[in-house]
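An overview of the molecular structure
As a plain string of letters, each chain reads:
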Amino acid sequence: EMATPDEDFMSQALRGEVHNMLDALGHNERLVLTHRFGLDDGRPKSLRETAEGMGVSRDVVRTVEAKALNQLRQPRMNYRLKDYVGGQEAFAVEPDYGEPHHGGMHH
């Protein structure tokens, strides 16, 4: 599996901020995200690899990962990343409203 462009361009300072944020998580959350995003060796692991490495089921990994990412989405956690990504909602997921409307006309 190849690293994503985001991972390739992540600066040392940003890596430091990410690790600071991970330190605020519980042990299992930190471990899952470290494996899944390759924060330890630069090689993101699959759900299966992470589960096998931790001795748990894939469902457990999926649940812990979702919980950890939700914690990182909290403004008190991600405000530190806004300088790197150019906005306050570093991990926010925008709702999908379909194609943008032009000309101000609404259907």
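Residues numbered from 1 in each chain as written. Predicted model: local features only at pLDDT ≥ 70, side-chain atom pairs only at ≥ 80, totals over all residues. Heavy atoms only, no water.

What the protein chain contains, in helices and strands, is 7 helices and 0 strands. In the protein chain, once contacts between residues fewer than 6 apart in sequence are set aside, the share between residues at least 24 apart is 46%. Surface summary for the protein chain: the accessible area is close to 7,800 Å², and the carbon and sulfur share equals 53%. (Helix = DSSP H or I, 4+ residues; strand = E, 2+ residues; numbered from the N terminus. Contact = heavy atoms within 4.5 Å. Areas by Shrake-Rupley, 256 points an atom, 1.4 Å probe, with all protein chains shown as cover.)

Here we take up the packing of helix 3 (residues 27–36) against helix 4 (residues 47–54). Orientation of helix 3 relative to helix 4, taken along the N-to-C sense of each, is 135°, at an axis distance of 9 Å. If you check the angle between helix 3 and helix 4, you find them oblique. Classified by chirality, the crossing of helix 4 by helix 3 is right-handed. Listed contacts from helix 4 to Asn28, Leu31, Val32, His35 and Arg36 of helix 3 are Leu47, Thr50 and Met54. (Axes fitted to C-alpha atoms, helices over the stretch in contact; angles between N-to-C directions. Parallel < 35°, antiparallel > 145°, perpendicular 65-115°, else oblique. Left-handed = near helix turned anticlockwise from the far one by under 90°.)

This next bit is on helix 5 (residues 58–72). The end-to-end C-alpha separation of helix 5 is 21 Å, in line with the 21 Å expected for 15 residues at 1.5 Å each. Those residues of helix 5 not exposed but buried are Val61, Val64, Glu65, Ala68, Leu69 and Leu72. Across the axial projection of helix 5, the buried residues extend over an arc of 130°, all falling on one side. Pointing more than 90 degrees away from the buried face of helix 5 are the exposed residues Asp59 and Thr63. (Expected span 1.5 Å × (residues − 1). Buried < 20%, exposed > 50% of the residue type's maximum accessible area, 1.4 Å probe, protein only. Arc of directions from axis to C-beta.)

Turning to the pattern of salt bridges, a few remarks are in order. Under the defined criterion, the tally for this structure stands at 7 salt bridges. Its salt-bridge partner being Lys45, residue Asp41 comes within 2.9 Å of it at the nearest N-O pair. Here Asp41 falls in the partly exposed class, since its relative accessible area comes to 47%. Judged by its relative accessible area of 12%, Lys45 falls in the buried class. In this structure, Arg43 and Glu49 form a salt bridge, with 3.3 Å as the shortest nitrogen-oxygen distance. The class of Glu49 is partly exposed, set by a relative accessible area of 26%. (Salt bridge = Lys/Arg side-chain N within 4 Å of Asp/Glu carboxyl O.)

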